[in-house]
Amino acid sequence: MRRLEKRVALVTGAGQGIGAAIARRLAQEGAEVHVSDMQEDRAAAVVAEIAGQGGKAVACRLDVTEAGAWQQVVADIAVQSGRLDILVNNAGLVIAKSVEEMSQQEWRQTMTVNLEGPFLGVQSCLALLRESAKTTPFGSSIVHVSSLSGIVGTAAMPGYTASKAGLRFFSKSIAIDFGRKGYRIRSNSVHPGLTEGNSAEALFAAHTRNGLSSNREEALRHFLDKYPLGYMGRLEDVAAGVAYLASDEAAFVTGTELVIDGGMSAY
Ligand SMILES: NC(=O)c1ccc[n+]([C@@H]2O[C@H](COP(=O)([O-])OP(=O)(O)OC[C@H]3O[C@@H](n4cnc5c(N)ncnc54)[C@H](O)[C@@H]3O)[C@@H](O)[C@H]2O)c1
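Residues numbered from 1 in each chain as written. Predicted model: local features only at pLDDT ≥ 70, side-chain atom pairs only at ≥ 80, totals over all residues.

Next up on the list: the site of the ligand. Taken together, 31 residues lie near the ligand, and Gly13, Gly17, Gly92, Gly197 and Asn198 sit nearest. Elements with a contribution of two residues or more to the shell around the ligand: helix 1 (17–28), helix 4 (104–133) and helix 6 (198–209). For the shell around the ligand, the per-class residue count stands at twelve nonpolar, 16 polar and three charged. (Near = placed C-beta within 6 Å. Helix = DSSP H or I, 4+ residues; strand = E, 2+ residues; numbered from the N terminus. Nonpolar A, V, L, I, M, F, W, Y, C, P; charged D, E, K, R; others polar.)

As C-alpha coordinates, then:
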(Lines give C-alpha, C1' and ligand atoms only; values in the text may rest on other atoms or scores of the structure.)
Protein backbone atom coordinates (compact mmCIF):
# COMPACT_ATOMS: atom_id res chain seq x y z
CA MET A 1 0.00 0.00 0.00
CA ARG A 2 1.40 3.43 -0.95
CA ARG A 3 -0.02 5.71 1.71
CA LEU A 4 2.05 8.83 0.98
CA GLU A 5 1.50 9.45 -2.72
CA LYS A 6 1.83 13.16 -3.61
CA ARG A 7 3.20 13.98 -0.14
CA VAL A 8 6.53 15.70 0.48
CA ALA A 9 8.65 14.81 3.52
CA LEU A 10 11.78 16.14 5.21
CA VAL A 11 13.81 13.78 7.40
CA THR A 12 16.74 15.02 9.51
CA GLY A 13 19.85 12.96 10.29
CA ALA A 14 18.82 10.69 7.43
CA GLY A 15 22.30 9.87 6.16
CA GLN A 16 22.45 6.58 8.07
CA GLY A 17 20.79 4.40 10.69
CA ILE A 18 17.17 4.99 11.69
CA GLY A 19 16.85 8.23 9.69
CA ALA A 20 17.97 6.54 6.46
CA ALA A 21 15.50 3.70 7.07
CA ILE A 22 12.72 6.25 7.61
CA ALA A 23 13.63 8.04 4.37
CA ARG A 24 13.61 4.73 2.45
CA ARG A 25 10.25 3.73 3.92
CA LEU A 26 8.54 7.08 3.25
CA ALA A 27 9.79 6.92 -0.34
CA GLN A 28 8.44 3.36 -0.69
CA GLU A 29 5.09 4.73 0.48
CA GLY A 30 5.17 7.19 -2.43
CA ALA A 31 6.45 10.38 -0.78
CA GLU A 32 9.05 12.67 -2.30
CA VAL A 33 11.67 12.70 0.45
CA HIS A 34 14.17 15.44 1.27
CA VAL A 35 16.99 13.46 2.85
CA SER A 36 18.98 15.81 5.09
CA ASP A 37 22.07 15.26 7.19
CA MET A 38 24.94 17.36 8.50
CA GLN A 39 27.10 15.08 6.35
CA GLU A 40 25.76 15.68 2.86
CA ASP A 41 27.69 12.81 1.26
CA ARG A 42 25.78 10.37 3.46
CA ALA A 43 22.47 11.95 2.45
CA ALA A 44 23.47 11.74 -1.22
CA ALA A 45 24.21 8.00 -0.87
CA VAL A 46 20.75 7.38 0.61
CA VAL A 47 19.15 9.40 -2.19
CA ALA A 48 21.01 7.34 -4.81
CA GLU A 49 19.74 4.15 -3.16
CA ILE A 50 16.13 5.42 -3.11
CA ALA A 51 16.36 6.58 -6.73
CA GLY A 52 17.77 3.16 -7.69
CA GLN A 53 14.60 1.59 -6.31
CA GLY A 54 12.39 3.96 -8.28
CA GLY A 55 11.67 6.39 -5.43
CA LYS A 56 11.82 10.18 -5.41
CA ALA A 57 14.39 11.83 -3.13
CA VAL A 58 16.57 14.94 -2.85
CA ALA A 59 19.71 15.29 -0.71
CA CYS A 60 20.58 18.36 1.34
CA ARG A 61 23.03 19.42 4.01
CA LEU A 62 21.32 20.41 7.25
CA ASP A 63 22.86 20.75 10.68
CA VAL A 64 19.71 20.89 12.82
CA THR A 65 21.35 23.25 15.31
CA GLU A 66 21.72 26.04 12.71
CA ALA A 67 18.63 28.26 12.40
CA GLY A 68 19.89 29.80 9.14
CA ALA A 69 20.41 26.37 7.57
CA TRP A 70 16.82 25.39 8.43
CA GLN A 71 15.53 28.57 6.73
CA GLN A 72 17.54 27.80 3.60
CA VAL A 73 16.42 24.15 3.42
CA VAL A 74 12.75 25.09 3.82
CA ALA A 75 13.07 27.79 1.14
CA ASP A 76 14.66 25.23 -1.20
CA ILE A 77 11.89 22.70 -0.55
CA ALA A 78 9.25 25.36 -1.28
CA VAL A 79 10.91 26.05 -4.64
CA GLN A 80 11.70 22.44 -5.59
CA SER A 81 8.60 20.65 -4.31
CA GLY A 82 6.10 23.45 -3.65
CA ARG A 83 4.91 21.92 -0.40
CA LEU A 84 5.84 20.06 2.79
CA ASP A 85 3.48 17.54 4.40
CA ILE A 86 5.75 15.60 6.77
CA LEU A 87 8.61 16.65 9.04
CA VAL A 88 10.56 13.90 10.80
CA ASN A 89 12.86 15.24 13.51
CA ASN A 90 15.21 12.25 13.72
CA ALA A 91 18.75 13.66 14.11
CA GLY A 92 20.04 12.89 17.57
CA LEU A 93 23.23 12.69 19.58
CA VAL A 94 24.09 10.11 22.24
CA ILE A 95 26.72 11.00 24.81
CA ALA A 96 26.49 8.07 27.19
CA LYS A 97 28.12 9.57 30.27
CA SER A 98 27.16 9.73 33.93
CA VAL A 99 26.81 13.03 35.79
CA GLU A 100 30.37 12.57 37.10
CA GLU A 101 31.77 12.12 33.58
CA MET A 102 29.76 14.64 31.59
CA SER A 103 31.00 18.19 31.01
CA GLN A 104 28.74 21.23 30.83
CA GLN A 105 29.70 21.56 27.18
CA GLU A 106 28.58 17.96 26.48
CA TRP A 107 25.31 18.56 28.32
CA ARG A 108 24.64 21.67 26.25
CA GLN A 109 25.59 19.89 23.01
CA THR A 110 23.10 17.11 23.82
CA MET A 111 20.30 19.59 24.47
CA THR A 112 21.17 21.65 21.40
CA VAL A 113 21.03 18.73 18.96
CA ASN A 114 18.23 16.66 20.56
CA LEU A 115 15.92 19.42 21.78
CA GLU A 116 16.73 22.76 20.18
CA GLY A 117 17.14 21.10 16.75
CA PRO A 118 13.52 19.85 16.70
CA PHE A 119 12.30 23.23 18.00
CA LEU A 120 14.08 25.04 15.17
CA GLY A 121 12.71 22.47 12.73
CA VAL A 122 9.12 22.97 13.77
CA GLN A 123 9.49 26.75 13.84
CA SER A 124 11.09 26.86 10.38
CA CYS A 125 8.72 24.38 8.70
CA LEU A 126 5.50 25.60 10.33
CA ALA A 127 4.29 28.00 7.63
CA LEU A 128 4.86 25.51 4.79
CA LEU A 129 3.33 22.62 6.76
CA ARG A 130 0.26 24.78 7.48
CA GLU A 131 -0.10 25.85 3.87
CA SER A 132 0.19 22.27 2.59
CA ALA A 133 -2.24 21.03 5.26
CA LYS A 134 -5.02 23.01 3.57
CA THR A 135 -4.79 20.79 0.50
CA THR A 136 -4.91 17.26 2.00
CA PRO A 137 -7.83 15.47 3.69
CA PHE A 138 -6.28 15.32 7.19
CA GLY A 139 -3.42 17.83 7.09
CA SER A 140 0.30 17.59 7.85
CA SER A 141 2.27 15.47 10.29
CA ILE A 142 5.33 15.99 12.49
CA VAL A 143 7.05 12.94 13.94
CA HIS A 144 9.78 13.26 16.57
CA VAL A 145 12.21 10.40 17.08
CA SER A 146 12.56 10.35 20.85
CA SER A 147 13.60 7.16 22.66
CA LEU A 148 12.54 4.62 25.24
CA SER A 149 14.93 6.75 27.31
CA GLY A 150 12.38 9.56 27.01
CA ILE A 151 9.90 7.43 28.95
CA VAL A 152 11.97 5.56 31.53
CA GLY A 153 15.16 6.71 33.23
CA THR A 154 18.44 5.31 31.88
CA ALA A 155 21.28 5.37 34.40
CA ALA A 156 24.06 5.31 31.79
CA MET A 157 22.96 8.48 30.00
CA PRO A 158 21.09 11.04 32.12
CA GLY A 159 21.70 13.93 29.70
CA TYR A 160 20.41 12.02 26.68
CA THR A 161 17.41 10.80 28.70
CA ALA A 162 16.55 14.33 29.83
CA SER A 163 16.72 15.59 26.23
CA LYS A 164 14.50 12.80 24.89
CA ALA A 165 11.95 13.26 27.70
CA GLY A 166 11.92 16.97 26.85
CA LEU A 167 11.29 16.15 23.20
CA ARG A 168 8.36 13.92 24.17
CA PHE A 169 6.63 16.79 25.95
CA PHE A 170 7.58 19.35 23.31
CA SER A 171 5.72 17.08 20.85
CA LYS A 172 2.66 16.85 23.09
CA SER A 173 2.58 20.60 23.73
CA ILE A 174 2.63 21.59 20.08
CA ALA A 175 0.06 18.86 19.31
CA ILE A 176 -2.36 20.60 21.68
CA ASP A 177 -1.43 24.09 20.51
CA PHE A 178 -1.61 23.39 16.77
CA GLY A 179 -4.78 21.30 17.16
CA ARG A 180 -6.61 24.03 19.07
CA LYS A 181 -5.47 26.68 16.61
CA GLY A 182 -6.88 24.66 13.72
CA TYR A 183 -3.54 24.36 11.91
CA ARG A 184 -4.34 20.77 10.82
CA ILE A 185 -0.88 19.63 11.87
CA ARG A 186 -0.52 16.52 14.04
CA SER A 187 2.53 15.94 16.25
CA ASN A 188 3.59 12.60 17.70
CA SER A 189 6.73 10.93 18.99
CA VAL A 190 8.20 7.46 18.52
CA HIS A 191 10.21 5.80 21.26
CA PRO A 192 12.55 3.10 20.03
CA GLY A 193 14.21 0.77 22.51
CA LEU A 194 17.59 -0.72 21.63
CA THR A 195 17.76 -0.59 17.85
CA GLU A 196 20.62 -1.57 15.54
CA GLY A 197 22.98 1.35 14.99
CA ASN A 198 25.30 3.89 16.53
CA SER A 199 23.18 4.96 19.48
CA ALA A 200 22.97 1.41 20.81
CA GLU A 201 26.70 0.90 20.22
CA ALA A 202 27.45 4.07 22.22
CA LEU A 203 25.49 2.64 25.11
CA PHE A 204 27.35 -0.70 25.00
CA ALA A 205 30.69 1.13 24.79
CA ALA A 206 29.84 3.24 27.86
CA HIS A 207 28.81 0.16 29.82
CA THR A 208 32.09 -1.54 28.99
CA ARG A 209 34.16 1.62 29.60
CA ASN A 210 32.66 1.93 33.05
CA GLY A 211 33.61 -1.65 33.91
CA LEU A 212 29.98 -2.79 34.14
CA SER A 213 30.62 -5.41 31.48
CA SER A 214 33.86 -6.77 30.08
CA ASN A 215 33.05 -6.42 26.39
CA ARG A 216 30.39 -5.41 23.87
CA GLU A 217 28.73 -8.86 23.81
CA GLU A 218 28.36 -8.91 27.58
CA ALA A 219 26.93 -5.38 27.53
CA LEU A 220 24.48 -6.40 24.79
CA ARG A 221 23.34 -9.40 26.85
CA HIS A 222 22.98 -7.20 29.93
CA PHE A 223 20.58 -4.85 28.16
CA LEU A 224 18.69 -7.50 26.19
CA ASP A 225 18.01 -9.43 29.42
CA LYS A 226 15.35 -6.80 30.12
CA TYR A 227 13.72 -7.11 26.69
CA PRO A 228 10.85 -9.65 26.61
CA LEU A 229 11.40 -10.29 22.89
CA GLY A 230 15.11 -10.85 23.59
CA TYR A 231 16.61 -9.09 20.57
CA MET A 232 17.35 -5.58 19.29
CA GLY A 233 14.90 -3.73 17.09
CA ARG A 234 15.60 -3.42 13.38
CA LEU A 235 15.81 -0.02 11.69
CA GLU A 236 12.71 -1.02 9.70
CA ASP A 237 10.68 -1.48 12.90
CA VAL A 238 11.08 2.22 13.74
CA ALA A 239 10.56 3.32 10.13
CA ALA A 240 7.24 1.44 9.99
CA GLY A 241 5.98 3.31 13.06
CA VAL A 242 6.99 6.66 11.60
CA ALA A 243 5.29 5.85 8.27
CA TYR A 244 2.05 5.08 10.10
CA LEU A 245 2.12 8.34 12.09
CA ALA A 246 2.97 10.31 8.93
CA SER A 247 0.04 8.82 7.01
CA ASP A 248 -3.68 9.55 7.01
CA GLU A 249 -4.22 6.24 8.79
CA ALA A 250 -3.17 8.18 11.89
CA ALA A 251 -5.59 11.02 11.09
CA PHE A 252 -7.02 11.09 14.65
CA VAL A 253 -3.69 10.47 16.37
CA THR A 254 -1.90 13.48 17.83
CA GLY A 255 0.00 14.24 21.03
CA THR A 256 0.73 10.60 21.66
CA GLU A 257 3.80 8.37 21.79
CA LEU A 258 4.40 5.15 19.93
CA VAL A 259 6.72 2.87 21.89
CA ILE A 260 8.71 0.43 19.71
CA ASP A 261 10.76 -1.44 22.28
CA GLY A 262 10.24 -5.20 22.15
CA GLY A 263 8.16 -4.97 25.34
CA MET A 264 10.90 -3.45 27.50
CA SER A 265 8.63 -0.82 29.08
CA ALA A 266 5.78 -3.28 29.72
CA TYR A 267 7.09 -4.32 33.16
N1 LIG B 1 19.66 3.23 17.71
C2 LIG B 1 18.98 3.17 18.86
O3 LIG B 1 19.09 2.22 19.63
C4 LIG B 1 18.04 4.31 19.19
C5 LIG B 1 17.13 4.09 20.23
C6 LIG B 1 16.26 5.12 20.57
C7 LIG B 1 16.30 6.33 19.89
N8 LIG B 1 17.20 6.53 18.91
C9 LIG B 1 17.19 7.83 18.22
O10 LIG B 1 17.04 7.63 16.85
C11 LIG B 1 17.69 8.69 16.15
C12 LIG B 1 18.67 8.11 15.15
O13 LIG B 1 19.58 7.27 15.84
P14 LIG B 1 20.64 6.34 15.08
O15 LIG B 1 20.98 5.25 16.01
O16 LIG B 1 20.14 6.02 13.73
O17 LIG B 1 21.88 7.37 15.00
P18 LIG B 1 23.14 7.42 14.02
O19 LIG B 1 24.24 8.01 14.84
O20 LIG B 1 23.38 6.11 13.35
O21 LIG B 1 22.70 8.47 12.90
C22 LIG B 1 22.45 9.78 13.24
C23 LIG B 1 22.56 10.64 12.00
O24 LIG B 1 22.27 11.97 12.41
C25 LIG B 1 23.26 12.84 11.89
N26 LIG B 1 23.41 13.97 12.79
C27 LIG B 1 23.99 14.02 14.00
N28 LIG B 1 23.96 15.28 14.48
C29 LIG B 1 23.32 16.03 13.55
C30 LIG B 1 22.99 17.38 13.47
N31 LIG B 1 23.33 18.27 14.41
N32 LIG B 1 22.31 17.81 12.38
C33 LIG B 1 21.97 16.96 11.39
N34 LIG B 1 22.30 15.67 11.40
C35 LIG B 1 22.97 15.21 12.47
C36 LIG B 1 24.53 12.03 11.76
O37 LIG B 1 25.39 12.58 10.74
C38 LIG B 1 23.97 10.66 11.38
O39 LIG B 1 23.89 10.49 9.98
C40 LIG B 1 18.36 9.56 17.21
O41 LIG B 1 17.54 10.65 17.53
C42 LIG B 1 18.47 8.62 18.39
O43 LIG B 1 18.53 9.31 19.61
C44 LIG B 1 18.08 5.55 18.53
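Still more ground to cover, so stick around.
Right, let's get into the packing of helix 4 against helix 5 (residues 158–180). Interhelical geometry of helix 4 versus helix 5 gives an angle of 15° and a closest axis separation of 9 Å. In terms of orientation, helix 4 and helix 5 fall into the roughly parallel class. In this structure, helix 4 crosses over helix 5, and the sense of that crossing is right-handed. Only Gly159, Tyr160, Ser163, Lys164, Gly166, Leu167, Phe170 and Ile174 of helix 5 make contact with helix 4, whose side of the interface consists of Glu106, Trp107, Thr110, Met111, Asn114, Leu115, Pro118, Phe119 and Val122. Along the lines of polarity and charge, the residues of the contact of helix 4 with helix 5 split into ten nonpolar, five polar and two charged. (Axes fitted to C-alpha atoms, helices over the stretch in contact; angles between N-to-C directions. Parallel < 35°, antiparallel > 145°, perpendicular 65-115°, else oblique. Left-handed = near helix turned anticlockwise from the far one by under 90°. Contact = placed C-beta atoms within 7 Å.)

Soluble, globular proteins show a tendency: their nonpolar side chains are buried together. Core analysis: the largest hydrophobic core is formed by 69 residues, its most contacted members being Ala23, Leu26 and Val35. When near neighbours in sequence (up to four residues on either side) are disregarded, Ala23 contacts Val11, Ala14, Val33, Val35, Val46, Ile50 and Ala57. (Core = buried A, V, L, I, M, F, W, Y, C linked by C-beta atoms within 7 Å. Buried ≥ 20, exposed ≤ 12 C-beta atoms within 10 Å, placed from the backbone.)

Right, let's get into the packing of helix 3 (residues 67–80) against helix 4. Packing of helix 3 against helix 4 brings their axes to within 9 Å, and their N-to-C directions diverge by 25°. Taken together, the axis directions place helix 3 and helix 4 in an arrangement best described as roughly parallel. Once helix 3 is placed against helix 4, the crossing between them reads as right-handed. On helix 4, the residues touching Ala67, Trp70, Gln71, Val74, Ile77 and Ala78 of helix 3 are Leu120, Gly121, Ser124, Cys125 and Leu128. Residues that form the contact of helix 3 with helix 4 fall into these classes: eight nonpolar, three polar and no charged.

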